[in-house]
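# Commentary on secondary and tertiary structure
In case you want the letters, here they are:
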Amino acid sequence: MTHHTATTTVATVPEGTDSITPPADADLAAMLLIRHFELALLDLFARGELHGTTHTCLGQEHVPVALAPLLGERDYVFSNHRGHGHYIARFGDPSGLLAEIMGREGAVCNGVGGSQHVFRDRYLSTGVQGESLPVAAGAALHLKRQEPGALALAYTGDGTWGEGAVYEALNMAALWRLPLLVVVENNGIAQSTATGTHMAGTVQARAAAFGIAHLRVESTDPAGIRAVAGPLVERVRDGAPLVLEFVTQRLGPHSKGDDTRTDAELRRVREADWHTRYRTALGERFAAADAVAADRVARLVAEVAARPLSVWSAA
């Protein structure tokens, strides 16, 4: 069987504010909710009110927001260590996630999963790089046999593409025509190592080696992304695996406080941040929506922090 690759690219949003496509109210609200949720976590850690660690998706909020309407309840979503936005976009439940991270009543997993290890319905996150992709391939095989029309999505980063399990999973997905959607959030840095230092070639070329379609997304416009990616995602449901690569920015540190980038590098990242560009382009509309999201998260933090500690129950 011959497999054909796709190399379609969503156009980059130019730096000029006149070219920015105003997002729908719901998309903007979701992106801002995730942004302020992540900022609140960093603040809580800085004040010593959280334990363990956390990895925020600051700068990458548009990715899960763009994809959420393309997914159905029967689809599996395998997230990673930087997955708060994935969860919030999937379920619209910042309260349950914050309670999980803070170990308070109402926690998604009774407080035993914390920031990285969350399980709900057909959503699972893990902090182990490369683990989710072969598991997602197995879930996709199940769906192909038992639930045609559903797909398995696995979120990865550019650093994950140094794991051998990634290529074993891609090989099986191509051979068996699995409904597997691989989303790569390529933020140009793996913990503290620039992508060009740890990865030879490109994600596109590696997908092509297995005959798997690839779509490179440089836009931060959720509606525009859906318009191009939507038809390809529907093909995934019919057994045409796809690697969907988002060229994005990691605005925050790798974890809660470890950032080794220079001031010049951080300035470049902040200037390219969707939040900065949208604020300039959308003016009062953006300011009003941003204030609503900030207030919602502030009230949420206060409310969840006042809850009793979560108690594990095997029931």
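Residues numbered from 1 in each chain as written. Predicted model: local features only at pLDDT ≥ 70, side-chain atom pairs only at ≥ 80, totals over all residues. Heavy atoms only, no water.

## Section: the pairing of strand E2 (residues 76-79)
Threshold: A pair of strands counts as paired when DSSP detects no fewer than two bridges linking them. Helix and strand assignments follow DSSP, with helices taken as H or I runs no shorter than four residues and strands as E runs no shorter than two, numbered in order from the N terminus.
Looking at chain direction, E2 and strand E5 (residues 152-157) are connected through three bridges and run parallel. Of the residues in E5, the one forming a bridge with Phe78 is Ala154. Summarising the sheet, E2 and strand E4 (residues 123-125) pair through three bridges and their orientation is parallel. Looking at the pairing, Val77 lines up with Tyr123 of E4.

## So, the packing of helix H3 (residues 84-91) against helix H4 (residues 94-102)
Selection rule: Comment: axis = line fitted to C-alpha atoms, over the contacting stretch for helices; angle = value between 0 and 180 degrees taken between N-to-C directions. In what follows, residue pairs with any heavy atoms lying within 4.5 Å of each other are defined as contacts. Residues were grouped as follows: Ala, Val, Leu, Ile, Met, Phe, Trp, Tyr, Cys and Pro as nonpolar; Asp, Glu, Lys and Arg as charged; and all remaining residues, including Gly, as polar.
Remark: H3 packs on H4, axes separated minimally by 9 Å, with the N-to-C direction vectors making an angle of 145°. Facing H3, whose interface residues are His84, Tyr87 and Ile88, H4 presents Pro94, Leu97 and Ile101. Of the residues contributing to the contact of H3 with H4, the split by class is five nonpolar, one polar and no charged.

## What about the pairing of strand E9 (residues 213-217)?
Operational definition: Note on exposure labels: buried denotes an accessible area under 20% of the residue type's maximum, exposed denotes more than 50%, and partly exposed covers the range between, all computed with a 1.4 Å probe on protein chains only. Here a crossover is taken to be right-handed if, once the strands point away from the viewer, the path from the first strand over the helix to the second is traced clockwise.
Across the five residues that make up E9, a large majority, four, are buried. Direction of pairing for E9 relative to strand E10 (residues 242-247): parallel, over a ladder of five bridges. Considered in E10, the bridge of Arg216 is made with Glu245. Regarding the hand of the β-α-β motif, the stretch spanning E9, helix H9 (residues 222-237) and E10 is right-handed.

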